[in-house]
Structure formats: C-alpha cells, structure tokens
Amino acid sequence: MKPQKVIVLGATGTIGRRTLDVLKQLQQSDPTWDCVGLACGSRVDRILEDAKKHWPAAKVASVIDDDRADFCGSDAALHLVEACASTETIVVSAIVGAAGLRPTLRAIELGASVALANKETLVCAGHLVQQALKSSPGTLWPVDSEHAAIAQCLRGIRSDQIKSIVLTASGGPFRDTPLSDLREVTPQQALNHPVWDMGPRITIASATMANKALELIEAHHLFAVNDQRLEAIIHPTSLVHGMVHLCDGTTLLQMCTPDMAGPIRWALTAGEHDAAVAPTLNPLELTSLEFTPVDTERFPFVGLGFEVIRKGGGAGCVLNAADEVCVQAFLDGRLPYLDVYHFVAEAVDRFGHHDPSTLTDILELDIAVREDVANRIP
Ligand code: NDP
Ligand code: MG
C-alpha cells in the first residue's frame, strides 16, 4: 500500500468526515499519508479546525467568502484541484450533486486517482469520465458501497463472463408503509433512514429510490453494462452490497456490515483489505438473508433509471438536476413527497432527448432543467 497525498472534496459532509477519520487511522500507521487539500460549501469552520490540527499544509476551499480559505466562491473546489491535484494525489470526490462534476473531471484530466462518492459525476458525464480515464495514469475507485462491492466481485472477471450485475437497496424508511400513506409523508419521516447516515439529498433519494436510479446509471457507466444486464433488489439489512451473476451459473457477492469506512479505505489504499475496518460477520448469525423484488408502484424511480440508461445522452443529467431541485422543494415543504417522482419523470420526458457532447453542453442542460423544474413547482 503506497501512502498518498489526499484531497477531500466535500470534506464537511457525511462521506468527507468519514474519509478524514479513515485518513487519520492511515496516518497513525504511516505518517507519510497526508491531506493536501480540503473543499467544502459553507461549513468552512469545520475543516479549518481539522486542518490546523492534523494537516497544516492543506489548502482550503470554501464556496462562501472567508479570508481564511485559499480559494473562495462557486469554483473554489475546481481551483483547489487545479492547484493541488497531480499524478501523485488521490482526490476523494464527495461533494453532493452536480456541483461535484467539474472538480472531479478536472482531477482525472490532471492524472490524479479519484475515490468517487459523487455518483452524479458519472450520471451526468459518464462518457467524458471514461474518455478522460483513457489518457490518465490515475484510477477511478468507486466509493458508493454497492459499486465498491461489485468492483471487488469483478476482480479477475472479464466483461463477457458477466450475466448480470445486481445492486441491493435497503428500501429506506417507506419499504412497508401503506401506499395510501405515502401522500402525507413529511421531510422529517423521509430523513429517518433505517440503515445509513447520509446527507439530506441522498437520504431523501434513498427514500424515493431515486438514489437506486442514479446508482443503476452509475453502474452502467462504471462496468460498461446495458440495462439488460442490470438489476436492483431490496435487501433490508444491507449486509450484501452487490452481486454478480456469471454466465456459468456462479454468483459472486460481497458482504460487510454497513459502514462507509470500508469502501472509503479500500478506495484510498487502491484496493487493500488489510485493516480491521468493520467487525467480521459471523455466518452462524446469518439465519436469513432477505431479498425481495422492487415494488415498482412504490418505487417508480427504479423503472425511470432503466429508461434513462436506454435513452442515454443527457437523460442522466436531466434526471439528476430535476431530482436535486425537487428534493430541495420537498425539504422546504413546497412539494408533496409523491410529486418528487412526477416532476422528475416529466422533466426526463421534456428534456431527455438532449444529447450534450461537451462539458459546457452538459452544464447548460443542467441549468436549463433546474430553471424549468423550479418554475413549474407551485
Ligand atoms: P452531505 O450533504 O453530507 O455533504 C455534502 C458535501 O458537499 C458537504 O461537504 C458540502 O459542504 C459540500 N458541498 C455542497 N455543495 C458544494 C459546492 N457547490 N462546492 C463545494 N462543496 C459543496 O452529503 P454526503 O456526504 O452524504 O454525500 C456526498 C456524495 O457522496 C453524494 O454524491 C452522495 O450521493 C455520495 N454518497 C454518499 C453516501 C453516504 O453514505 N453518505 C454513500 C454513497 C455515496 P458544506 O457542508 O460545507 O455545505
Ligand atoms: Mg450506494
């Protein structure tokens, strides 16, 4: 395991803070591990404290103006990457939403390796990411637990040996809620995820399963499989994170107690499994592993995810932009829970035929969808 210079984008968030915990552990066993850059939105105080204490050399980027930060403003994370990323660094991409796209893509272009939590980067610009990776010495390591699991299953497996890839989903807080009650769901109820501790956008997207739609699109780009070779199933205890069915009838699956420290450390260490990150599972206690099909009436987002994969082009960018706007409107009490799906699906209908080829085209489409959806929300 080669120690790395690490840049953490989204350092104040759930993944960002867990990353800093993991980094401190790595640094304890080898002091040459270092953090050279930290980026956040508005909670800059949180990272300054950490930086002063543990990583005095780290440059700091913040969206809000703060004279203690090295870079400020909406492009601060991008400027931080341009100043600090190189073939010697690993960039942990953990900004939430399409805001993570430009700095992440730039990190790949600069030859850095990327530990990717920001699935939106692949959802919005999967083809640009794959193109940039071709001419980069760096590697893309998925941090999303399902994708890290599948990447682990796929070691030594060729693409033509894969029959299908299965993403598991906990089903969120409304897995068993009577359908007639979903109309009245409040933000507080939707924020109460049974398994994972995550930021608000991804928590709401886990309740609606828009997150699984994003993850299916993410898997499509990461593993180069079409919708016919992708599945999602409900697995309430989130012990199995992903499965791969092979053509010969073999199924590989990856299990671990749900804690993002596992995939974060695996990605930072370029695929090592050398430290006790999570407790070892006791097979004698695994009396039943429950799997159920996704209820498509309850979770129509999963079907929409497959539709977006078939559409290709800019449809992923549209789904993501519309969902970001609708989730915020739901959290603000301006949009009922069930309308999140309806507004996103309508946006995919209206804008899904766009086929942006450049980053500029993608960013323009993202803005156009946001404006359109925001104007339609009463
Ligand atoms: P959080 O909401 O907890 O954190 C988001 C982070 O992004 C914060 O540091 C926030 O800064 C920062 N941020 C927001 N907007 C900007 C911006 N414009 N420029 C720079 N920084 C910005 O989210 P999570 O940590 O839960 O999720 C982060 C990403 O990881 C998402 O893409 C999510 O889908 C993915 N992911 C998360 C998982 C989890 O378990 N949480 C699991 C798998 C994937 P500030 O707080 O200062 O405003
Ligand atoms: Mg996930």
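Okay, so let's go over this structure. This one's a predicted model, so the numbers in the text were calculated from it and none came from an experiment.

### Details of the overall build of the protein chain
For the protein chain, the count of helices and strands is 14 helices and 12 strands. Residue burial in the protein chain is summarised as follows: out of 378 residues, 54% are buried. In the protein chain, of all internal contacts separated by at least 6 residues, the share reaching a separation of at least 24 is 68%.

### Topic: the side chain of Ser 238
Note on placement: Ser 238 falls in the loop between β9 (230-234) and β10 (240-246). When neighbours within four sequence positions are excluded, Ser 238 is seen to be in contact with Ser 170, Val 195, Trp 196, Cys 256 and Pro 258.

### Notes on the pattern of salt bridges
When their charged atoms lie close together, side chains carrying opposite charge are able to pair. Scanning the model with the defined rule gives 25 salt bridges in all. The partner of Asp 176 in a salt bridge is Arg 175, and the shortest N-O contact between them spans 3.3 Å. One salt bridge in this structure joins Asp 372 and Arg 376, with 2.9 Å as the shortest N-O distance. With a gap of four residues between them, Asp 372 and Arg 376 both fall in helix α14 (residues 359-376), about one helical turn apart. We classify Arg 376 as partly exposed; its relative accessible area is 41%. Several salt bridges converge on common partners, so that one network encompasses Lys 119, Asp 144, Glu 146, Lys 212 and Glu 215.

### A few points about the packing of helix α5 (residues 120-134) against helix α12 (residues 315-331)
Across the interface, α5 lies against α12 with an axial gap of 7 Å and an inter-helix angle of 150°. Looking at the two axes, α5 sits roughly antiparallel to α12. Crossing of α5 over α12 shows left-handed handedness. Contact with α5, carried on its side by Glu 120, Val 123 and Cys 124, involves Gly 316, Cys 317 and Asn 320 of α12 and no other residues of that element. Looking at side-chain class alone, the contact of α5 with α12 contains three nonpolar, two polar and one charged residues.

### Points about the coordination of the magnesium ion (ligand 2)
Binding of the magnesium ion (ligand 2) to the protein goes through Asp 144 (OD), Glu 146 (OE) and Glu 215 (OE), at separations of 2.1 to 2.2 Å. For the magnesium ion (ligand 2), all donor residues lie on one chain, and their spacing in sequence is D-x1-E-x68-E. Of this pair, Asp 144 sits in the loop between β7 (140-142) and α6 (145-153) while Glu 215 sits in helix α9 (residues 210-223), and the two are 71 residues apart along the sequence. The exposure class assigned to Asp 144 is buried, which follows from its relative accessible area of 8%. A relative accessible area of 1% means that Glu 215 is categorised as buried.

### Remarks on the site of ligand 1
Neighbouring residues of ligand 1: 26 residues in total, closest Thr 12, Gly 41, Arg 43, Glu 120 and Gly 199. For ligand 1, an oxygen atom lies 2.9 Å from a polar atom in the side chain of Thr 14. Val 96 places a main-chain nitrogen or oxygen 3.4 Å from an oxygen atom of ligand 1. Look at ligand 1: alone it shows 910 Å² of surface, and the protein chains cover 88% of it. Elements with a contribution of two residues or more to the shell around ligand 1: α1 (14-29) and α8 (200-208). The residue inventory of the shell around ligand 1, partitioned by class, reads 13 nonpolar, eight polar and five charged.

### Things to note about the nonpolar core
If you look at the biggest cluster of nonpolar residues, it comprises 127 residues, and the most contacted ones within it are Leu 9, Leu 38, Leu 140, Ile 165, Phe 223, Leu 268 and Val 369. Take this core: its biggest share by element is 11 residues, from α12.

### As for helix α4 (residues 101-109)
Among all positions in α4, only Leu 101, Pro 103, Thr 104, Leu 105, Ala 107 and Ile 108 are buried. Where α4 terminates, the next one or two residues include Gly 111, which has phi positive at roughly 90°.

### A closer look at the packing of helix α13 (residues 337-351) against α14
Each pair of packed helices gets described by two things: the angle between the helix axes and the distance between those axes. In the contact formed by α13 and α14, the axes pass within 11 Å of each other and the chain directions differ by 130°. Accordingly, the angle class assigned to the pair α13 and α14 is oblique. Considering only the axes of α13 and α14, their crossing is right-handed. Contact residues: Phe 343, Ala 347, Arg 350 and Phe 351 in α13; Leu 365, Ala 368, Val 369, Asp 372, Val 373 and Arg 376 in α14. For the contact of α13 with α14, a count of residues per class yields seven nonpolar, no polar and three charged.

Cut-offs applied
Residues numbered from 1 in each chain as written. Chains lettered and ligands numbered in written order. Predicted model: local features only at pLDDT ≥ 70, side-chain atom pairs only at ≥ 80, totals over all residues. Heavy atoms only, no water. Helix = DSSP H or I, 4+ residues; strand = E, 2+ residues; numbered from the N terminus. Buried < 20%, exposed > 50% of the residue type's maximum accessible area, 1.4 Å probe, protein only. Contact = heavy atoms within 4.5 Å. Salt bridge = Lys/Arg side-chain N within 4 Å of Asp/Glu carboxyl O. Axes fitted to C-alpha atoms, helices over the stretch in contact; angles between N-to-C directions. Parallel < 35°, antiparallel > 145°, perpendicular 65-115°, else oblique. Left-handed = near helix turned anticlockwise from the far one by under 90°. Nonpolar A, V, L, I, M, F, W, Y, C, P; charged D, E, K, R; others polar. Donors = N, O, S within 2.8 Å, 3.2 Å for Na, K, Ca; no water. Near = heavy atom within 4 Å. Polar contact = N/O pair within 3.5 Å; in protein donor to acceptor, adjacent residues only side chain to side chain. Areas by Shrake-Rupley, 256 points an atom, 1.4 Å probe, with all protein chains shown as cover. Core = buried A, V, L, I, M, F, W, Y, C linked by side-chain atoms within 4.5 Å.

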